[in-house]
Structure formats: structure tokens, C-alpha cells
Amino acid sequence: LSSLSRPGPAVKYLSNSKPYQSRKRSLKRPRWRTLGLFGMIGMFGLGLFADEIRPRFNDFVEGPVGRRMFAVLHKNNNSDDDDDQYHKEMVATLQHLRKQYSKQAASSTNNGITNSATPSKKDPPPLNAGQRLATGGSGNTTSAPRRLSLRQQKPQKQKVIDTNDERESQMNTRISRSIHGANNFVARRRDIYKRAGRLSQWAFRGVGYLYTHHGIVLSGMLPDSEEIHPGRNVVQIYDVNTPHRTDCHLLTIWVRVNGPEIFAGSAKAVKKPQVDSCYWEFSFDLSLPGEYSVDAKLLTWNGSAEGNDPNNMPIRKGKDVPWTKYPHHASIIGFKMYDPPHSCCEACSRTPGCVYWSSPALHFDHKWGCEFYFNSSDEELLAPFQYYTPDIQKQYVTQELRNKTNHHGTPHSNPMTYFMGCGWNFYLSGVSQCEHPLDDSVYIGGHKFRLDDPVATPNLRPERNLPSCDLEQHESLNGRWVREEYPSALTCPREMDNRKEIYSRLKHHNLLMFETSNPHCWFRDDLSTLGTRCFVSGCGTNKKYIWRSALAEEKQWHGMWKNYACDYVELTNKQLQQCIDQRKIVSIQTRGKSVAAYTNEYLQQRLSHVKFFDAEASGTPKEETLNVTLDTFGAPHLMWHNSSAEWRREFQEYPSPKPFEENFYAEAMYFVSEREPFCTAPRAQMINRDMEDILVPKGFKKLSTFDMSSAFSFDSATQMDGLHIIGPPLRMVITKLFHYICKDHMYPDPAKVATWRE
């Protein structure tokens, strides 16, 4: 109980779930303090830990009398020296890392612009074969999860910094607050599950999974107010539960800085050899003054595992399930589980204790389901599942139900990805939805900051004159979204585009008519309507627990993706028609699957005002005309159905464009869900690198969309599914497409390009 008197690891009774490794604590106390403890316990009776008594007990602990009593009991108490030592060690470690970053930032310049969202050229090393992520194997030896506390920390006033000692003291205070705040945040998330009667499912998702299986408690730190400046800034994220860990590269964390400029992407794992530890950084280059907010969400563990191979799974066809060998089982129903055999094998492999699976589920009259089999009737393994029959021979499994089974097998032993976010998941959305949209969030104390200096670094100012973007030189460089003032109805008429002959997928999203003479008006959006409608069963329930930011509430969004080094030109209908005639373009089309279908509707909105070149009427040979194609290659489906080696082979076999063809392709977008197995952000980075390495030498032209889409992955995906991202990113894809088709053929002088908009 004495641990309640100070901000530290939690009291023991808060944790009923067993972590993968327990931490021993000494129980020796002086006799007089032991009598005092028993006296306090007697005051509250045997109902001390009951749900109706605990709130009153917590109020007493936080009150002045309780604090004084616990302060006396805690004085000279050496039984918690291990916690005190841990706290000092963590503060020292984080302070050392922060000092290193401060020195590095002070000595660096802003000449080279980079962004942590840019994919790394090296894949993170996969786990060894056979390691089970769901049971805690991380490829790294970590300390046990620390016990968590619900104690709230009182805000302290910021001190004026006059000396280096005071600056160091304030840094220590910030680090201490960060540690305590992160532990309190995880404890609150767990308590929400407990109050809802779902404590057994806490370890499936978000911070509960990360804490239970890997002993990680994350805390993000923004730069000090005095460190915020135009140019490079960094958000740092630390594991405050394990001072020394080396497996940060296995965890994918989505980070977004939202303000006058919007930056988003994956935090980068950083290893500092001086302290034998790692942490995460997300860097961004500020140029516009104003208020910014920072959010971070957990996505995947070991997301780049090369072992993600749906065609190398132990799947058997037939009904010969060894019923008697596995007497304990549970039925689950999937969520849009279009490929039950492979999905069930992967889901069983990720589920602790699952030793066999079959499909479909025996309890549900639905093809989207699995039956999981267990050797043990351990309540801790089976409690998360809604339906459980303890004896398969004597209960509901009749011969008729057994005849439903068409596929079955054992779990695979390949290295695995685990998706822990609250977004759509092919089996967790049916088994264990998040209890709250914050369940997969990273704690960031004081998640807002302000840039007050209006004098930005000259080479970052968005309004400066830049050359026209060149496909080979600039398309792979970094950029960010830049907000603009929403135009008046006089400048941009607000006429709705309700043409049903063009729109089938976007008809519910309040599209505005394209303004013929002012193409910049096209970048308006009502973000509050994007992705809010559901078209499949179960979507409505699931979307209640998926996080959406304040960005999704903006009814008057106006902004554009801007590259740091160049500018994209927005064509009027007249300029686009001139380009089509001059290049003799007979078609512009999209190719792919669902993502391509959404992209095509934005494309058709622009093409509905122009006419293609009539080769037949002019007698122009086919070889002198041009067919333009924007391909997505059905990337999510390739990731879902193929290993990385198989999709590389498919790209290598793809024919090169013909002389009268100009083929562009859009990268896979930044996914914040796992709608189907293996469709995750790290795998999207992998397939994007392979497309560039194989297709660009063949003559295909890349349009970068991965980084560009990451800012809207949570807020503008259809049905909030985290995969089909519409709105501003797709408008920008079409803008890039027309820019590269036309810029070199209508205006050969780059100096004229900068004056198009004027």
C-alpha cells in the first residue's frame, strides 16, 4: 500500500492478468509499520478491494489525511528501493538521450531536408522462425511489465529558466512527469476494460497488447518550448518501462503533427550505441507559425516479417478434423473475412494457446468464421471468446455441424506480424473490438505546441517561387500538407456535383463541382462527410471504437500537398484540353481494383469537361497517339494473397509500356488497419520499394502516395476502414498525374510554369 503514497508503479491489486514475466518484490517491513498497515486494512474491512469500496479508498489516499499517513509509513522504507533505483535509472537514461539530441540539433543545419516517414532502404531484420509474437516472443530479452498506477499527477507550474542547473532540473521534471503519466494512462485503459467486464480481452489490442506481451509502456515527448523553431524539430517516444531495449525496429508507430502544416508517417527507430538502448523519433520541418497538435497511434509488431506467406500455410481440405484430440474449442466470427482458410490459420497462429483450427466456425451459420481448438481449458486462454464448449463430444457439435467444415490445420510457425491497432482487423474486429478509441494511442503529455517565430528558414517557405516538379528529380523527395484559408463563395462557387452517371462510390461524400477557371478551388473538402457511411454489416458497431481526430470534423478544408523543392501545376480545363490535343491523347484510364475505382471517380470529374483526341476522324495512326494509364496493381490484394517473393516475380513478368503508352502507377497507401491478413503499413512500404526497383526501369512512372496519404489514413478512409483513403490524397494524385503528362509538352520553359496559376 505504501506505493500509493507516491507517483510510481501501481499497486498489485490492479493487475489480475498475468504478464509474461513477473517481478519479485521484497515484503520485509519494520514491525511498527506492519502494525500500521494492518490497522488501515481493518478500517476498511474485508470489502477493501470490492468495486463499490475502491473509489472511496482512492479518494482517501488522495486526501490530505491519507497522504500524511502514507508519508509516515513510507519514510525510510527500503523495500521499494528497486523501484526508486529503476526510476533514477530511467530518468538518467532519457536525460542522456535528450542531451544528445539537443547537441545534435544545435550543430545541424537545415540545408538537407529529410522526413522520418520516408521508407528505409533496409528491411528490419525478421524474427527467428517459430517465435510466437502472441505469446511474448520479441527476439529480445526485456524486463517484465511494471505494475501500473491510477494515481493522477498534479500539474506543476513551469519555472523560469535562469541557469543551466534550473534547465536540467526542469528537464528531469518533464521526464518524471512523462514516466508517471504514461503508467497512469496504461492503467486507466486497463481499468476501462475491467469496468466493462472485458479484462480478459485487454491484451488483444493497443497498449494492453504491448504491455502484456512485450513489457512496453510508451511516452512521447515534444521539444521544449524554447527548442521549437523553424526548421527541423523532433517528437521522441520512449519505452519508460524498460530502460534498455534493442528491438524498437519491430514496432510501427503512426505519428502526425497537425497545424498550419501537416506532417505524418511512421516514427523511426533510433539506436544510440553510447547507452545501449533504442527509442523512436519523428522529425518534421516547420515553416509556418501557429498551433500544432501531435498524435501517435500503435499499429503493428514485426510488420515487415518476411515470413508473411499465405501460400505456405499448413492448410488441409476436408472434414477429417481430429475432434477427440482437441476437446476444448471456441467459435469466432470474422469481419469481412473473404479468405477464411488462410485467415483462420493466421488468426490461430497469433492466438495464445490455439493448437488447431477449422473453417467455418461451428457455432455460427456464416462462412466468415473459424473454430479454434485448445489443449487446455485454462480460463485465461478461453475467456476472451464469446462462445466456448468444454466437451466437444457431448455438446452441440452434431454430425451435421461437423459436415460444415471444409478446411482445417495447425497454426504455422513462420515469423508473424501482429496488428494491435483499433482499426479494422479480419478477425479481431469480430473477437475483441477496442473498448475506447484511445486504446491504441501513445501517451504524449501536453500534446500541443506553438511556433511563434514568423521568420522561417528561407528554403522552407511554402510561398517562395519553386521550379516545376520533375518526375525523376523530385517525386521521391519529401513534402507536407499546407493548409490554406477556405475561399469565399465569390472566389470559388459552392455548387454541388450530384452527377449520378459519374459517381457510384463517392455519391455520398458531398463533392463540389470543379471550377473551370480556377482549379485551385478543387482542393476544398467537407472532411466531416468522408468515410462516415457504412455499406457492410458490422461496420457501424466497429467504427464506434476507431479513433478520428479533430481533422475529421472540418467542414471547410482547403489545402494541398507541397514538395519542399518544387511545385505542382494545377491545370484549368482549357489547359488540359490543349495538352490532350497537342499530345494526341486518346484515353486516360485507371487500372487496378477498389482503390483504382475510387481514384477513377476523381479522374472522371476532371475529364468530364474535356474531349479526347479523335484519331479516327483525323486519320492519325495508332503509333502516333497516346494512351495514358494510372495503375495501382491491386497492391492490397498482392500483399494479401502473395509473399514478397511472389509479388516481385509478378512485377518482373509485367510487360513494359509500348511506345504509344504512358503508364503511371500510384504507390500503395499508408494503411492503419489490417482489413485482410498482411495488409499493413510496413508491408505497403515493402511492396512500394519493390515496385520502384522493378517497374521504373521498365518505363513505368511512379507517383508517390504513401507519405501523402498518411495524414488522412484515420480521417478520410471510406467506412473508416483505414485502407480506402479518399478526399485530399486522391485529388492530389490526379493533380500530379496531369502535371507530369502535360508540363513538358505545353510549356517547355520552366520559368513560365511558375506563372501558370497567376
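Keep in mind the model is a prediction, meaning the values are calculated, not measured.

1. What to know about the overall build of the chain
Working step 1: Within the chain, the secondary structure is distributed over 21 helices and 23 strands.
Working step 2: Classification of the 758 residues of the chain by burial places 57% in the buried group.
Working step 3: A separation threshold of at least 6 residues defines the contact pool for the chain, and within that pool the share at least 24 residues apart is 83%.
Working step 4: Accessible surface for the chain amounts to roughly 32,200 Å². Of this, 51% is attributable to carbon and sulfur atoms.

2. Some details on the sheet that holds strand 6 (residues 277–286)
Working step 1: Across the sheet, five strands lie side by side as 5-6-2-1-15; this open sheet has mixed pairing. Both edges of this open sheet fall to strand 5 (268–272) and strand 15 (443–444), since each of them pairs with a single strand only.
Working step 2: Across seven bridges, strand 2 (residues 231–239) lies against strand 6 in antiparallel orientation. Bridge pairing in strand 6 places Q236 opposite E281.

3. Quick word on the state of the cysteines
Working step 1: The full count for this structure, using the stated rule, is seven disulfides.
Working step 2: Covalently, C348 is tied to C354 through a disulfide, its sulfur atoms 2.1 Å apart. Between C348 and C354 the sulfur-sulfur dihedral comes to about -105°; the bridge is accordingly left-handed. Summarising the burial analysis for this pair, C348 and C354 share the class buried.
Working step 3: Free of any disulfide, C345 has its nearest neighbouring cysteine sulfur in C348, separated by 7.1 Å.

4. Description of helix 17 (residues 644–653)
Working step 1: Looking only at helix 17, the buried set comprises S644, W647 and F651. For helix 17, the angular spread of the buried residues around the axis is 70°, confining them to a single face. Across from the buried face of helix 17, at angles greater than 90 degrees, the exposed residues are Q652 and E653.
Working step 2: Buried-residue contacts for helix 17 involve helix 16 (635–641) and helix 18 (681–695).

5. Here we look at unusual backbone geometry
Working step 1: The omega angle of the peptide bond from S359 to P360 is 0°, so this bond is cis rather than trans.
Working step 2: At F678, a position not held by glycine, the phi torsion is positive, near 80°.
Working step 3: Tracing the backbone through its elements, the reader meets F678 in the loop between strand 22 (661–666) and helix 18.
Working step 4: The class of F678 is buried, set by a relative accessible area of 1%.
Working step 5: Of note, the phi angle at Q719 is positive, near 55°, even though the residue is not glycine.
Working step 6: One can find Q719 in the loop between helix 19 (706–710) and helix 20 (728–746).

6. Quick look at the sheet that holds strand 23 (residues 701–703)
Working step 1: The sheet built from four strands is open, its strands ordered 20-21-22-23 with parallel pairing. Sheet topology places strand 20 (585–591) and strand 23 at the edges, where each strand pairs with a single neighbour. Going from strand to strand, the sheet's axes swing by 20° on average, the running direction of each strand aside.
Working step 2: Across five bridges, the pairing between strand 21 (residues 626–631) and strand 22 is parallel.

7. So, the pairing of strand 19 (residues 557–563)
A regular strand places its side chains on the two faces of the sheet in alternate fashion.
Working step 1: Among the seven residues of strand 19, seven are classified as buried, and the element is accordingly described as predominantly covered.
Working step 2: Two elements, strand 17 (residues 479–483) and strand 19, share five bridges in a ladder whose sense is antiparallel. Within the sheet, the bridge partner assigned to G479 lies in strand 19 and is N563.
Working step 3: Note: strand 18 (residues 524–525) against strand 19, two bridges, orientation antiparallel. When the sheet's bridge partners are listed, R524 is paired in strand 19 with H558.

8. Observations regarding the side chain of H558
Working step 1: Inspection of the secondary structure puts H558 in strand 19.
Working step 2: Since its relative accessible area comes to 5%, H558 is described here as buried.
Working step 3: At 3.2 Å, the side chain of H558 and the backbone oxygen of E485 are in polar contact.
Working step 4: Apart from residues lying up to four places away in sequence, H558 is in contact with V482, R483, E484, E485, Y486, P487, H520, F523 and R524.

Conventions we followed
Residues numbered from 1 in each chain as written. Predicted model: local features only at pLDDT ≥ 70, side-chain atom pairs only at ≥ 80, totals over all residues. Heavy atoms only, no water. Helix = DSSP H or I, 4+ residues; strand = E, 2+ residues; numbered from the N terminus. Buried < 20%, exposed > 50% of the residue type's maximum accessible area, 1.4 Å probe, protein only. Contact = heavy atoms within 4.5 Å. Areas by Shrake-Rupley, 256 points an atom, 1.4 Å probe, with all protein chains shown as cover. Pairing = 2+ DSSP bridges. Disulfide = S-S within 2.5 Å. Arc of directions from axis to C-beta. Axes fitted to C-alpha atoms, helices over the stretch in contact; angles between N-to-C directions. Polar contact = N/O pair within 3.5 Å; in protein donor to acceptor, adjacent residues only side chain to side chain.

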